[in-house]
Structures are given as C-alpha cells and as structure tokens.
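If you want the building blocks of each chain, they are given just below.
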Amino acid sequence: MRRVGLVSVLVAAVIAGACGSAGGGGTTTNTYNGKTIKLGAVLSITGAGGVYGPQSRDGMNLAVDQINKAGGVNGATIALTVKDDASDKAQSATVAQTMIQSDQDLALLGPTLSNSAVAVHPLAESLKTPILAVSTTGINIVPNCNFPNTTPCKYVFRDSLGEETAIPDNIKSYAADAHPATGVLLVAQDDKFSSDGGKIVQDTVGTYNINLLKTIKFNKAEADLSPYVTQAVQLHPDVIFITSLGGIPAKIMTEARKQGWQGQFLGGNGFNTATVSKNAGAAGLGARSASAWYLGNSFPSNAEFVTAFKTAYGHDPDQFAAQGFAAIKIIADAAKRANLTFSDLPGDRDKLRSAMETVNIQTPLGPFQFTSNHDVKQTVWIIKMDGSGGFTLVHEIKAS
Amino acid sequence: MGQQILNAIFIGSIYALFAVGYTLVFGVLDILNLAHSAVFMLGAAVTYTLVVNHGQSFWVACAVGIVVAALMGLVIEYVCLRPLRRRQAPPIAALISTIGLALIIVAAIEQGRPGTLFAWLWLDGANPVTMPPGSFPNPTWHVAGLTLEASKLAIIPISIALMLLLGYVMRFTQVGRGLRAVAENPRAARLMGIDVDRMISLTLIISSALGGLAGILFGVALGDISPYIGRDSVEVRGLAVIVLGGMGSIPGAVLGGYLLGFIEVLAVVLLGSNVRAGVAFAALFLMLVLRPQGLFGAQLREKI
C-alpha cells in the first residue's frame, strides 16, 4: 500500500553516518624527544550522551595542555583527537575503527556511553589497542568486554566507577539514614546503562528490606513520561529509583513533584552532572547518588585540578571532567614508563597496555591504581542535588 | 485512572494539533511534508531561546515562535516544493526534499553553542532543556486526587478552538473554498481564476503555524525542548494519526490524535509500560488492514 510505503521511506530515510581518516606513523629512533603520542577519544558530544561527553573532552584537553606545556612525556608531545559518536552505537564503532586503523592512534579513550562500549571495546580488544573507558559504568565493561564470553579482555581498562559499586553504596547509605520500606524503579529498557542500573537496583533493594513495588519500563526517546510517572506516584513509594541518563532524570523528578509526590529520588551515575541537577532545579533537591568524584574532595591533586579547570573554562568541573582529566594522566604515566619505539605500533600498543596495569599516580579521583580486572578502586562520594544546579556532600565511603 | 485519562487528553491534543498541519498539506498537495516535525521543534526552540537567551517575555516569544514556524512553511514551499512542482517531479522527490530540509533545520539547532554561527538561535547544542520555572504562569491545582497543571490544561481549549476555527475557515470562507478547490483539482481551480501557488503557500503557512504552536505547547507542558523532539516524539506518530483518521481529513486527524493518545496511555496502564509504542502501531496496522481509508473513510471524507 502506498501509505505504508511512505511510512517505510520515512523510517529508512532518517539515518546518517560519518567517517573520517588521516594518515600518520612513527619514525625509527627509540627516543621520545620530538615524537608525537597520538590518542583518540570517542565521545558523545551530541545526542543523549551530549550532557556528559563535552565535560570529558574538556577534562582531557586540560590534561593534554598541562602535560605538553610541562615538556610532554619524556619529550614526546601528546596529540589528542576527539571525535563525536553522536551517542550512536554504530557510529561509535565506526569512529573507533577509523582511529585505530586509519589514524593509527596509540590508544583510545571512551566511548561515553555503556551502550556504545559494547560495540567499541570488543573492537579495540580484537585490534589489540588499549582503550580506557572514562565514563562507562554499566555491567560487563571490564574485564569481560566480550560478554557473555567471560575471557578477560586484555586491552580494556576503565577509570570510571562502576554502577555495581555505586548504586548499592547509594542505596545502603540511604537505607541506613532513612529506613525506606517501599520503592518503584523507573528504567529505560532500550538503553544498556539504564537497564544495567535497573538490574542492580532490583538485586540490591532486598538486602536493605526495601520492597520494590513495581519496575516501570519505558523507551529512552519518549518525551512524554507522564503516564509512567503517574503510575509510579500512585503506588505511593518511599523511594523512586531512576537509573536513566541525559534529560530523563530531571523530567521524571519535575513531573513527580508536580503530581505531589514527596518521597526520595535515588539514582545512578546519570545524576552526576551539573546539567541534570540544573534541569531538575527545585524538583531535584535532595536527590541522592553515588559519585566517583566530589568538587570539594580533599585529595591534594583535586584542588589544583579544580582551579586549573575553572581558569580554562570559566566554570566548575564535574565528575566526567575529572575522570577525563585523570584518564590522560594515567595514559601519560604509562607511556612514560613503556619504552615506546614509535616505529612498531602493535608493539608500542602492547607495551602501553602492560605499563597501564602498573599505573600508580595521584589524580583528582584520589590515588589511582587499576584492580587486576582493569577496574578502578576508589573512594565513593554520596552526594545530593542542591536544587540549583550543584551538589552537596552527604557521605564519604572509603575504598575497602 | 483519572490522571491517566488527563495524560491521554493532553498528549492527544498535541498529536491532533500536529497532525492537522500534516494532513492539511497532504490534502491540498497529495504529498507528505516531512519537514513538519522540524517546524514543530523550531517553534519550541525559538520560543525557548527568546525567553532564556534573549530575555523576551514568554508571550512575545510564543508569538515570534509561531511566526518563525509559519515563515518556515514559506521556505518549505519555495525551496522544497515549488521548484519540484514546476518540473513535475514525482511526489517522492518532494518527500525527500522535505526530509532534507528537516535534517538541515535539526543540524542548525544542534550546532547552536556559545561562540558559533547559530548561537543566536540556540545555545544548548544537543542537550534537552526546560523552560525555567516562572517564565510563564503555570499554577497547579490538586482536585479530587488529580493534578491539574495550567500549561497542560491550556492545550485542550487552544487545540480545540484552533481546529474548530480551521474547520470553519475551510468550509465557510472564500479562502477555504479556494483551498478545497485546489485540493480537488488544481488545474480546474486555476481555470476558475484561483491563484493556485498562493493557495499552496497559504496552506504551508497555516500548517506550519499550527505545527510550531504544537511544538511550543509540547515543549512548555512536558518540560522537554531539544533538537530531537520533532523526530522522536511526533514525526512517525503524526503519520500514524493521519492514517488512523484518514489521509487528508482534518476531523480524521483530530480524532486520530486523541485516539492515539488514548491507545498509548491505555497500553501503559493495562498492558505494562514497555508496550506503548508497540500497541499504538499495532492499532495502526489493524486500521490499515481492516479499514485502509482510515476512520473518516472514502464515503465520509471530503478532501480537507
């Protein structure tokens, strides 16, 4: 039928792709002096992850600037290229492949979203290129990037705090403070980050005697969330758990408060950026999440980072900026110790990978080392939205 | 359940208002204007920008938003449709050219960041934003367990009044008769002395003004304005609505809009939250199989 044909044309036509390439390569001396260490970051500058990607990018660029101005890595300059994956899994993989094979980058950073990581990380692993995740917090990011195959991935690392640690810590701390009895979970079913977070909530609540009355699923692109919020509010839960990202948490909070619900919002990493807190405004006041970083944390290298970031960009950094900044420092430290040849790219990538396993430096996230699973082990900060775009500290949970 | 019925009426009104513009162009020109969803978004984006980035009052911003949307209708006609019509290109060419324009409009808004060429138009890039509280009057009442919010309640009378007005204009005025004549047979209309190009421009202006207004109401009431609201929220649903109601029929689009709103919300309430889109489009599919001419089918339907 012609009308059906028109509908299919519409659906088929709203598709776009992008790619780019550049040449590059090393020379044959084995000294770092005058060489370039090429890094590629696959970030979501636009699309759903556009709330987070630009922060990571700014943190990374700041670290690159600082290192290069201080003489580089043993005299070699870091050249970081940031490319936008538009929060799209397929585009993320295309960009990563271009960086690894055409641009011949030594190592990659990103991608911003866990949803894209399931495409990008296995690719980097198979092409034997180190990749450092800076904001992905879902399940099965490290070490089993090829899940359900559980062989540990050798080339995949992450410096972002996994939701498997953050969400239970957050629920535990709120349960101890307020003893909630009931909860409702709102989860975007078509997003890995959100559904992973939802699964962690479901697995955790029982431990703290919270009765999960209902799990309400929706699709991440739906603009009208009112029917879902109405369902949640009418169950009168003590807590609404939100594991989504981007603009969704703020919309849920605003709608629930309008409908007169007075309970507590608990969330995941999706809460932890100023944009979300700002969009939620007064409706978000008190919403709690566990964060990998806190603006006022007392680690020595944090104050320095915060000042430098504010000077460079005119506003406070957030968790994503801190993780992006730390990522460049981590790779720079590893590169310094890796005895790179600059002539044998596969060999250099392998040397960098080994050196990354033994990183031990100070970062704004605190003293940094990877676990044997290439994951981060660090202090967790329980923070709450202050109702005007910022966060205040509730608890500090030291790494066990 | 009461609150959910209200939710259905709110979203149904938006769908109806959006789809009326869609179906108006289809009725007159027999082509789908797929830039309509971008005009929807543009109305909301311009209004937001004027209030937040240029300090204008909400009402001025709304008026300008609707005017900009209406002018975009003229752009659609002059850039995407008229040149192709002159060369008697097939309808698919116009369909593709309107998709192209939609992508360009979305991309222009997406580029809007501080310091860029489009910074005057939009400052938030791809990020979803919300109208700051207090920028428009929005009292909320709690009555008999229902939450009644002014910004959402207002949608219903505005939509119904505009749709009635459009129906009146179409049926009882000289302009309406001209538009219907063009819809029926452009060549005959031209022979009768009707300026067909002018009528088509007028159609695009009315359609886009309605689309822009729908976008503003949507963005304000749902607290969600981003470059993607047209594409994600109403583009395909708008098509579903006009197929449900009968292609080209204004009463059909109105009824179809409310029907889709109710089907979606009922799906959430009765069948669980993860089947909303599936149930809505299953209804569309059933309609195509059982009654391909839509609710206001061939016998009942008079073009526009």
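The following refers to the structure shown. (Residues numbered from 1 in each chain as written. Chains lettered and ligands numbered in written order. Predicted model: local features only at pLDDT ≥ 70, side-chain atom pairs only at ≥ 80, totals over all residues.)

**So, the overall build of chain B**
Assigned secondary structure in chain B consists of twelve helices and two strands. Taking 2.2 N^0.38 as the reference for a compact globule, 304 residues should give roughly 19 Å; the C-alpha atoms of chain B span a radius of gyration of 19 Å, in line with that estimate. In terms of its C-alpha atoms, chain B occupies a principal-axis envelope of roughly 55 × 50 × 35 Å. In chain B, once contacts between residues fewer than 6 apart in sequence are set aside, the share between residues at least 24 apart is 72%. (Helix = DSSP H or I, 4+ residues; strand = E, 2+ residues; numbered from the N terminus. Rg over C-alpha atoms; globule rule 2.2 N^0.38 Å. Contact = placed C-beta atoms within 7 Å.)

**Details of the overall build of chain A**
Looking only at helices and strands, chain A has twelve helices and 14 strands in total. Compactness check: chain A gives a C-alpha radius of gyration of 21 Å against a globular reference of 21 Å for 400 residues, within 12% of the reference. Judged by the C-alpha coordinates and their principal axes, chain A covers about 70 × 65 × 40 Å. Buried residues in chain A amount to 59% of all 400 residues. In chain A, the share of contacts with a sequence separation of at least 24, taken over all contacts with a separation of at least 6, comes to 74%. (Buried ≥ 20, exposed ≤ 12 C-beta atoms within 10 Å, placed from the backbone.)

**Quick word on the sheet that holds strand E1 (residues 36-43) of chain A**
Residue and element names in this part refer to chain A. Pairing in this open sheet of five strands is parallel, and the strands run E2-E1-E3-E4-E5 from one edge to the other. The two strands at the open ends of the sheet, each matched to only one other strand, are strand E2 (77-84) and strand E5 (156-158). The average undirected angle you get between the axes of adjacent strands in this sheet is 25°. Here strand E4 (residues 131-133) pairs with E5 via three bridges, running parallel. Looking at E5, one finds that Leu132 is bridged to Phe157. Sheet contacts for helix H2 (residues 53-69): E1, E2 and strand E3 (107-109); angle to E2, the most-contacted strand, approximately 170°. (Pairing = 2+ DSSP bridges. Axes fitted to C-alpha atoms, helices over the stretch in contact; angles between N-to-C directions.)

**Describing the pairing of strand E7 (residues 211-218) of chain A**
All names here are of chain A. One ladder, built from seven bridges, connects strand E6 (residues 182-188) with E7; its direction is parallel. The residue bridging Gly183 from the neighbouring strand is Leu212, located in E7. Assessed by its sense of winding, the connection that carries the chain from E6 through helix H6 (residues 192-205) to E7 is right-handed. (Right-handed = clockwise from strand over helix to strand, strands pointing away.)

**Overview of the interface of chain A and chain B**
On the chain B side, the residues contacting the 38 residues of chain A number 39 residues. Every element with two or more residues in the side of chain A that touches chain B is listed here: helix H1 (2-13), E7, helix H7 (226-233), helix H8 (248-258) and helix H9 (274-280) of chain A. For the side of chain A that touches chain B, the element with the most residues is H1(A), which contributes eight residues. Of the residues assigned to the side of chain A that touches chain B, the class counts are 17 nonpolar, 16 polar and five charged. (Nonpolar A, V, L, I, M, F, W, Y, C, P; charged D, E, K, R; others polar.)

**A few points about the environment of Val254(B)**
Residue and element names in this part refer to chain B. Its place among the elements puts Val254 in helix H11 (residues 250-271). Considered as a pair, Val254 and Ile14 are 240 residues apart in the sequence and their alpha carbons are 9.7 Å apart. Contacts of Val254, omitting those with residues within four sequence positions, involve Ala16, Val20 and Met163.

**Structural notes on the environment of His395(A)**
Residues and elements named next belong to chain A. Turning to its location among the elements, His395 is positioned in strand E14 (residues 391-397). In this structure His395 comes out as partly exposed when scored by C-beta crowding, with 18 C-beta atoms within 10 Å. Between the C-alpha atom of His395 and that of Pro367, which follows or precedes it by 28 residues, the distance is 19 Å.

**What to know about helix H11 (residues 319-337) of chain A**
Along an α-helix, residues three or four apart share an orientation, since each turn contains 3.6 residues. An ideal rise of 1.5 Å per residue puts 27 Å on 19 residues; H11(A) measures up with 27 Å between its terminal C-alpha atoms. A positive phi of about 50° marks Asn339(A), the residue just after H11(A). (Expected span 1.5 Å × (residues − 1).)

**With respect to the pairing of E14(A)**
All names here are of chain A. Bridge count for strand E13 (residues 380-385) against E14 is six bridges, and the pairing is antiparallel. The partner of Ile383 across the bridge, within E14, is Leu393. Between E13 and the antiparallel strand that follows it, E14, lie five residues; Gly387 among them carries a positive phi value of about 85°.

**What about unusual backbone geometry?**
The omega torsion across Val142(A) and Pro143(A) is -5°, close enough to zero to call that bond cis. With respect to the helices and strands, the residue Pro143(A) is situated in the loop between E4 and E5. Cis geometry marks the peptide bond from Phe147(A) to Pro148(A); its omega dihedral reads 10°. Non-glycine residue Asp30(B) carries a positive phi angle of around 65°. Assignment of secondary structure puts Asp30(B) in the loop between helix H1 (2-29) and helix H2 (36-52). Judged by the 14 C-beta atoms lying within 10 Å of it, Asp30(B) is partly exposed.

**Some words on the nonpolar core**
Formed by 219 residues in total, the largest nonpolar core has its most connected members in Leu132(A), Leu186(A), Ile331(A), Val20(B) and Leu42(B). Among the elements that line this core, the one with the most residues is H1(B), at 17 residues. (Core = buried A, V, L, I, M, F, W, Y, C linked by C-beta atoms within 7 Å.)

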